[in-house]
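Geometric and topological summary
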Amino acid sequence: KAGVTQTPRYLIKTRGQQVTLSCSPISGHRSVSWYQQTPGQGLQFLFEYFSETQRNKGNFPGRFSGRQFSNSRSEMNVSTLELGDSALYLCASSSSWGGRTDTQYFGPGTRLTVL
Amino acid sequence: DAKTTQPNSMESNEEEPVHLPCNHSTISGTDYIHWYRQLPSQGPEYVIHGLTSNVNNRMASLAIAEDRKSSTLILHRATLRDAAVYYCIPLIQGAQKLVFGQGTRLTINP
C-alpha cells in the first residue's frame, strides 16, 4: 500500500504570495491532519479533517486554511506569505478519527522557503 | 492538553538497550500514551502506544507506571537506524491532533 504523498516536496516563494500544498492520504484513510515544523517552535498542529469537515484547528492565523475533498485528499493554503512561514509542512493520515488508539501515518513533508 | 516532560537528549551504544523516559503527570485516566519518532529528514513515524499495562511490538516495548504519571520506551537492542527524536504524546478522546513536545534526541554510537 502506498504511503502518504505530499506535493510538491520543495517550494520557494516570496513574501506576499500565496501557496497551496497537497496531501494524498493512504488509500482508505479518511482523516488528514496538517502540522508545521520549524526549528524554533518544533512540530505544531495546524488542522485536521475527517469526511470533508474540519474537526479541529490549531492556533494559527486565518492566513492558514485547508480543505478536504470527497476522495480524502487534502490541500492547505497559506495566503500573504511571511518570512516566518518558512517551514516543513507535514501531512498525516489515519483510518478513522477521534479514537485514542488511532495511529497517524506521516508523509515526507513539503519544505517551504519564503524569501 | 496533557503536558509531557522528556530529557532533551540521550546517548547510547549500538546493540545496547535504551530506556527513554517521559513524565505525563497531568494525563487523564482515559488518555492513551503514544510514542512517535522522527528520523533525520523524514516525517514522524508511529512507534507504540498503551494505556495501563506494558506493551510490546516489533519495534519497542512500552512500560507504563502504575500511577500512569510516567512511561518508558524501551529499545531492546539499539541500532544506528534508531537515532532519532522520540516524542511521547498523550492522545485524548475526540481529538486526532498530536501535541508534540520537544522530544528526546537519541544518539547511537557505533
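A brief report on the enclosed structure follows. Being a predicted model, the structure only gives us computed values, none of them experimental.

**Here we look at the overall build of chain A**
The helix and strand tally for chain A stands at zero helices and eleven strands. Along chain A, from the amino end to the carboxyl end, the secondary structure elements read β-β-β-β-β-β-β-β-β-β-β. Its C-alpha atoms give chain A principal-axis dimensions of roughly 40 × 25 × 25 Å. For chain A, with 115 residues in total, the buried portion stands at 50%. Taking all contacts inside chain A whose residues are at least 6 apart in sequence as the whole, residues at least 24 apart take part in 55%. Approximately 5,300 Å² of chain A is accessible, and the part contributed by carbon and sulfur atoms is 46%. Separation between the mean location of the 12 positive side-chain charges and that of the 6 negative ones in chain A comes to 4 Å.

**Remarks on the sheet that holds strand E6 (residues 61-64) of chain B**
Residue and element names in this part refer to chain B. Across the sheet, four strands lie side by side as E2-E7-E6-E5; this open sheet has antiparallel pairing. The outermost strands of the open sheet, each flanked by one partner alone, are strand E2 (18-23) and strand E5 (55-56). Pairing of E6 with strand E7 (residues 70-75), which is carried by four bridges, proceeds in the antiparallel orientation. Within E7, the position partnered with Leu-62 by the bridge is Leu-73.

**Concerning the nonpolar core**
Ranked by size, the top nonpolar core spans 21 residues in total, and within it Trp-34, Leu-46, Phe-64, Met-76 and Tyr-89 of chain A carry the most contacts. For this core, the elements supplying multiple residues, two or more each, are strand E3 (19-24), strand E4 (31-38), strand E5 (42-50), strand E8 (74-78), strand E9 (87-94) and strand E11 (110-114) of chain A. Counting 20 residues, the second largest nonpolar core, distinct from the first, contains Leu-20, Ile-27, Ile-64 and Leu-106 of chain B.

**Side note on the interface of chain B and chain A**
Taken residue by residue, the interface counts 19 residues in chain B and 22 residues in chain A. Taken together, both faces of the contact between chain B and chain A bury some 1,800 Å²; the carbon and sulfur share is 52%. Applying the counting criterion to the chain B and chain A interface returns zero salt bridges. Among the elements that take part in the side of chain B that touches chain A, strand E3 (residues 32-38) of chain B stands out by supplying four residues, more than any other. Counted by class, the side of chain B that touches chain A contains ten nonpolar, eight polar and one charged residues.

**Examining the pairing of E7 of chain B**
Two strands pair when backbone bridges link them, and E2 of chain B and E7 of chain B are joined in this way by six bridges, in the antiparallel orientation. Counterpart to Pro-21 of chain B in the pairing with E7 of chain B is Thr-72 of chain B.

**Thoughts on the side chain of Thr-104 of chain B**
Residues and elements named next belong to chain B. With respect to the helices, strands and loops of the structure, Thr-104 is situated in strand E9 (residues 104-109). Here Thr-104 falls in the buried class, since its relative accessible area comes to 0%. Among the polar contacts made by the side chain of Thr-104, one reaches the main-chain carbonyl oxygen of Pro-7 at a distance of 2.5 Å. For Thr-104, the contacting residues outside a window of four places in its chain are Gln-6, Pro-7, Asn-8, Ser-9, Met-10, Leu-20, Ala-84, Val-85 and Tyr-86.

**Side note on the layout of surface pockets**
Taken as a whole, the largest pocket holds about 560 Å³ of empty space. Along the wall of the largest pocket there are 24 residues; nearest its centre are Gln-37, Leu-88 and Arg-111 of chain A together with Gln-38 and Arg-105 of chain B. Looking at the lining of the largest pocket, the elements that each hand over two or more residues are E4 and E5 of chain A together with strand E8 (84-91) of chain B. At three residues, E8 of chain B tops the list of elements feeding residues into the lining of the largest pocket. When the residues that make up the lining of the largest pocket are grouped by side-chain class, the tally is ten nonpolar, eleven polar and three charged.

Calculation rules
Counting starts from 1 at the beginning of each chain's written sequence and moves along it residue by residue. For naming, the first written chain is A and the first written ligand is 1, with later ones following in the order written. Local features in this predicted model are restricted to residues of pLDDT 70 or higher, and side-chain atom pairs are both shown and tallied only at a pLDDT of 80 or more, whereas totals for entire chains, interfaces and linings draw on every residue. Side-chain measures here rest on the full set of heavy atoms in the structure, leaving out hydrogens and waters. Helix and strand labels come from DSSP, where a helix needs a run of H or I of at least four residues and a strand needs a run of E of at least two; each type is numbered from the N terminus. Note on exposure labels: buried denotes an accessible area under 20% of the residue type's maximum, exposed denotes more than 50%, and partly exposed covers the range between, all computed with a 1.4 Å probe on protein chains only. In this analysis, two residues are considered to be in contact whenever any of their non-hydrogen atoms come within 4.5 Å of each other. Computed with the Shrake-Rupley method and a 1.4 Å probe, the accessible areas treat only the protein chains shown as cover for residues. Only four residue types enter the charge count, namely Lys and Arg as positive and Asp and Glu as negative; His and the chain termini do not. For this purpose, a charge sits on NZ of Lys, CZ of Arg, CG of Asp or CD of Glu. For two strands to count as paired, DSSP must find a minimum of two bridges between them. Within this scheme, the nonpolar core is defined by two criteria: the residues are buried Ala, Val, Leu, Ile, Met, Phe, Trp, Tyr or Cys, and they are joined through side-chain atoms within 4.5 Å. In this description, buried area is defined as the sum, over both parts, of the accessible area (probe of 1.4 Å) that is lost when the two are combined. A pair is scored as a salt bridge if a Lys or Arg side-chain nitrogen falls within 4 Å of a carboxyl oxygen belonging to Asp or Glu. Residues are grouped as follows: Ala, Val, Leu, Ile, Met, Phe, Trp, Tyr, Cys and Pro are nonpolar; Asp, Glu, Lys and Arg are charged; all remaining types, including Gly, are polar. Each polar contact in these results corresponds to two N or O atoms within 3.5 Å; when the atoms are within protein, one needs to be able to donate a hydrogen and the other to accept it, and residues that are neighboring in sequence are counted only if both atoms are side-chain atoms. Cavity: a set of points on a 1 Å grid over the protein atoms alone where a 1.4 Å probe fits but cannot get out. Pocket: an open set with protein on both sides within 12 Å along at least five of seven lines, its lining residues, like those of a cavity, having an atom within 4 Å of a point. Grid points are joined across faces, edges and corners, and a volume is the space filled by probe spheres set on the points.

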